[in-house]
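Letter by letter, the chains look like this.
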Amino acid sequence: TIGNIELDQVTIMKNLKKLHKSSPVADKFDGAIGYDNLSNFIVKINYDSKELELYNFGGLPIPDAFEAFAINLSYNIPMLSASLTLNEKQFEGIFLLDTGSQMPAIFNSPMARKNKIASQMEKSIVIERKAGVSEVSSKFVLFRGQQLAIFGKSFDKIPSAYSTANSGALASTGFQGIIGNPVLK
């Protein structure tokens, strides 16, 4: 039970700290609630109050400034079309929405190689880190994109990265990258 909401068939993962051992909040991480449960509700992420609000369908009061955007679900993963402009060149693709990612935009390694993203950057920083549930270690090249456009909205000078991964989700050709939590806020 969360608040006054009863969740059915909750799957428990016993080793959640391994997923986030590098996180400064690893000791405070108690569990994960996934799509199987959240898909039964309208989910509102309130970034200001740091609360997750669950509403029964039809029970969410719609604010005046509300704007709905269509997304696609692929294997229950939210995906959307987006574009990133870098040195006046626009790169488009399908991106996975990841509320767990703290990087605004990440390009998968196949897209970065195909579009020669490395040659488009003026400045960059290379870091190595483990990413995703598989904790595959790979290099990420951090840079500042000129503009990110999603849902007809644009974000200027957005911190971005591209992956050099040879395996895992960031090496996938099924989508071009990840749009993370900072953009969703």
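**Some remarks on the overall build of the chain**
Link 1 in the chain: Tallying secondary structure elements over the chain gives four helices and ten strands in all.
Link 2 in the chain: When the helices and strands of the chain are placed in sequence order, the string is α-α-β-β-β-β-β-β-α-β-β-β-β-α.
Link 3 in the chain: Sorting the 185 residues of the chain into buried and exposed places 32% on the buried side.
Link 4 in the chain: Considering only residue pairs separated by 6 or more positions, the chain has 55% of its internal contacts joining residues 24 or more positions apart.

**Some remarks on the environment of I179**
Link 1 in the chain: Examined against the element boundaries, I179 turns out to sit in strand β10 (residues 177-180).
Link 2 in the chain: Along the sequence, I179 and L80 sit 99 residues apart, while their C-alpha atoms lie 8.9 Å from each other.
Link 3 in the chain: In this structure, I179 is in contact with L80, A82, F95, L96, L97, D98, P104, A105, L148 and I150, ignoring residues within four places of it in sequence.

**Re the confidence of the model for the chain**
Link 1 in the chain: Put simply, the chain has an average pLDDT of 75, and 76% of its residues get 70 or more.
Link 2 in the chain: Ranking the helices and strands of the chain by mean pLDDT puts helix α3 (residues 109-114) first, with 90, and helix α1 (residues 16-19) last, with 53.

**Some details on the nonpolar core**
Link 1 in the chain: Among the nonpolar cores identified, the biggest contains 21 residues, and F107, I117, F143, Y162 and I179 are the most heavily contacted of them.
Link 2 in the chain: Mapped onto this core, the elements with two or more residues apiece are β4 (77-86), β5 (89-98), β6 (105-107), α3, β8 (136-150) and β9 (153-163).
Link 3 in the chain: In this structure F143 touches L84, L86, F107, I117, M121, K123, S124, I158, P159, S160, A161 and Y162, once residues within four positions along its chain are discounted.
Link 4 in the chain: Formed by ten residues, the second largest nonpolar core is a distinct cluster that contains L96, M103, I106 and A161.

**Some remarks on unusual backbone geometry**
Link 1 in the chain: Despite not being glycine, K116 shows a phi value in the positive range, around 50°.
Link 2 in the chain: One can find K116 in the loop between α3 and β7 (125-131).
Link 3 in the chain: Classification of K116 as exposed rests on a relative accessible area of 57%.
Link 4 in the chain: You will see that K157, though not glycine, has its phi angle at about 50°, which is positive.

**A short note on the pairing of strand β1 (residues 42-46)**
Link 1 in the chain: Bridging between β1 and strand β2 (residues 51-55) involves five bridges; their strand directions are antiparallel. Its bridge partner being in β2, I45 is matched across the sheet by L52.
Link 2 in the chain: In this antiparallel pair of consecutive strands, β1 and β2, the connection spans four residues, and K50 shows a positive phi of 60°.

**Quick look at a nonpolar patch on the surface**
Link 1 in the chain: The grouping of V43, I45 and L52 at the surface amounts to a nonpolar patch, some 230 Å² of accessible area in total.
Link 2 in the chain: By the secondary structure assignment, I45 is in strand β1.

**Notes on the side chain of T85**
Link 1 in the chain: Among the secondary structure elements, T85 is positioned in strand β4.
Link 2 in the chain: The class for T85 is buried, based on a relative accessible area of 13%.

**Details of the environment of S74**
Link 1 in the chain: Residue position: S74 is located in strand β3 (residues 72-74).
Link 2 in the chain: Judged by its relative accessible area of 31%, S74 is partly exposed.
Link 3 in the chain: For the pair formed by S74 and L96, sequence separation is 22 residues and the distance between their alpha carbons is 9.2 Å.

**Considerations on the environment of G168**
Link 1 in the chain: With respect to the helices and strands, G168 occurs in the loop between β9 and β10.
Link 2 in the chain: In this structure, the C-alpha to C-alpha distance between G168 and N108, residues 60 residues apart in sequence, is 9.9 Å.

**Observations regarding the side chain of S163**
Link 1 in the chain: With respect to the helices, strands and loops of the structure, S163 is situated in strand β9.
Link 2 in the chain: A polar contact is formed between the side chain of S163 and the backbone nitrogen of A165, at a distance of 2.9 Å.
Link 3 in the chain: Residues in contact with S163, not counting those within four places in the same chain, are I106, F107, N108, S109, S138, K139, F140 and L170.

About the cut-offs
- Residues numbered from 1 in each chain as written.
- Predicted model: local features only at pLDDT ≥ 70, side-chain atom pairs only at ≥ 80, totals over all residues.
- Heavy atoms only, no water.
- Helix = DSSP H or I, 4+ residues; strand = E, 2+ residues; numbered from the N terminus.
- Buried < 20%, exposed > 50% of the residue type's maximum accessible area, 1.4 Å probe, protein only.
- Contact = heavy atoms within 4.5 Å.
- pLDDT = per-residue confidence, 0-100.
- Core = buried A, V, L, I, M, F, W, Y, C linked by side-chain atoms within 4.5 Å.
- Pairing = 2+ DSSP bridges.
- Patch = residues over 30% accessible without salt bridge, like charges linked within 9 Å, V, L, I, M, F, W, Y side chains within 5 Å.
- Areas by Shrake-Rupley, 256 points an atom, 1.4 Å probe, with all protein chains shown as cover.
- Salt bridge = Lys/Arg side-chain N within 4 Å of Asp/Glu carboxyl O.
- Polar contact = N/O pair within 3.5 Å; in protein donor to acceptor, adjacent residues only side chain to side chain.

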